[in-house]
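These are the residues of each chain, in order.
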Amino acid sequence: MKPSRRWSSSFRYALEGIATSLRTQRHVRFHCVAAVIVIAAAIALSLPARDVALLLLVIALVISLELVNTAIEAVVDLAAPEWHRLGKIAKDAAAGAVLVAAVFALVIGILIFYEPLMRCLGLL
Ligand SMILES: Nc1ncnc2c1ncn2[C@@H]1O[C@H](COP(=O)(O)OP(=O)(O)OP(=O)(O)O)[C@@H](O)[C@H]1O
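Residues numbered from 1 in each chain as written. Predicted model: local features only at pLDDT ≥ 70, side-chain atom pairs only at ≥ 80, totals over all residues. Heavy atoms only, no water.

The name recorded for the chain in an unreviewed UniProt entry is Diacylglycerol kinase, from Paenibacillus phoenicis. Comment text from UniProt for the chain, heading Sequence similarities (unreviewed entry), reads "Belongs to the bacterial diacylglycerol kinase family." (UniProt positions renumbered as here; feature names shortened; annotations may be inferred.)

Encoded structure:
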């Protein structure tokens with residue numbers, strides 16, 4: 001197989017992974033909708049490029065961890081369809097990773113949006 005073909009296959013499988021996560025995981029859908037709203041608000045408020053870059057970084061972190069969480073859930077369900085202590089540790093830790101990223105993303109979002117939003121609303 002030619003290298004370029006392998007590369008395009010890998011890219012297609014990665015897109016399939018994203019599409020499957022979007023289809024099956026409501027939290028992934030929620031975070032993607034939130035990301036679109038945050039990006040639209042950043043553009044509407046003409047935030048500086050550095051702030052937009054930081055927002056894009058935390059969005060990528062949260063959505064990437066959601067995808068890893070989906071992968072871990074699938075592997076646990078495959079390896080341990082019945083309840084297993086290690087399955088619980090794996091799923092809970094993966095969910096915890098998403099939670100940590102989401103909470104810090106929220107804090108970063110508040111720090112970045114607070115002043116421009118208050119100015120826009122005439123409260124500053
Ligand atoms: N095979 C298992 N062994 C042990 N505990 C499990 C197992 N499957 C699920 N659990 C426990 O149930 C919790 C929820 O599991 P589930 O697979 O429903 O996660 P979820 O997909 O995050 O939920 P949601 O579908 O709402 O996103 C896990 O965090 C874990 O504590």
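(A) Local environment of unusual backbone geometry. Not every positive phi belongs to a glycine, and Ser-46 is a case in point at roughly 50°. Relative to the elements of secondary structure, Ser-46 occurs in the loop between α2 (26–44) and α3 (49–79). (Helix = DSSP H or I, 4+ residues; strand = E, 2+ residues; numbered from the N terminus.)

(B) Representation of the site of the ligand. Around the ligand sit 13 residues in total, of which Arg-26, Glu-73, His-84, Lys-91 and Asp-92 are the nearest. The separation between a nitrogen atom of the ligand and a polar main-chain atom of His-84 is 2.9 Å. Between an oxygen atom of the ligand and a side-chain N or O atom of Lys-88, the distance comes to 3.3 Å. Here the ligand, which alone exposes 610 Å², has 64% of that area covered by the protein. Those elements that place two or more of their residues in the shell around the ligand are α2, α3 and α4 (85–120). Among the elements that make up the shell around the ligand, the one with the highest residue count is α4 (4 residues). Class assignment for the residues of the shell around the ligand results in 3 nonpolar, 4 polar and 6 charged. (Near = heavy atom within 4 Å. Polar contact = N/O pair within 3.5 Å; in protein donor to acceptor, adjacent residues only side chain to side chain. Areas by Shrake-Rupley, 256 points an atom, 1.4 Å probe, with all protein chains shown as cover. Nonpolar A, V, L, I, M, F, W, Y, C, P; charged D, E, K, R; others polar.)

(C) Just the packing of α3 against α4, in detail. Across the interface, α3 lies against α4 with an axial gap of 9 Å and an inter-helix angle of 165°. The angle between the axes of α3 and α4 places the two elements in the roughly antiparallel class. Relative to α4, the crossing made by α3 is left-handed. Across the contact of α3 with α4, the residue classes tally to 19 nonpolar, 3 polar and 5 charged. (Axes fitted to C-alpha atoms, helices over the stretch in contact; angles between N-to-C directions. Parallel < 35°, antiparallel > 145°, perpendicular 65-115°, else oblique. Left-handed = near helix turned anticlockwise from the far one by under 90°.)

(D) Focus on the side chain of His-31. Position of His-31 among the secondary structure elements: in helix α2. The class of His-31 is buried, set by a relative accessible area of 18%. With residues near it in sequence (within four places) discarded, His-31 still touches Val-62, Ile-63, Glu-66, Val-98 and Ala-102. (Buried < 20%, exposed > 50% of the residue type's maximum accessible area, 1.4 Å probe, protein only. Contact = heavy atoms within 4.5 Å.)

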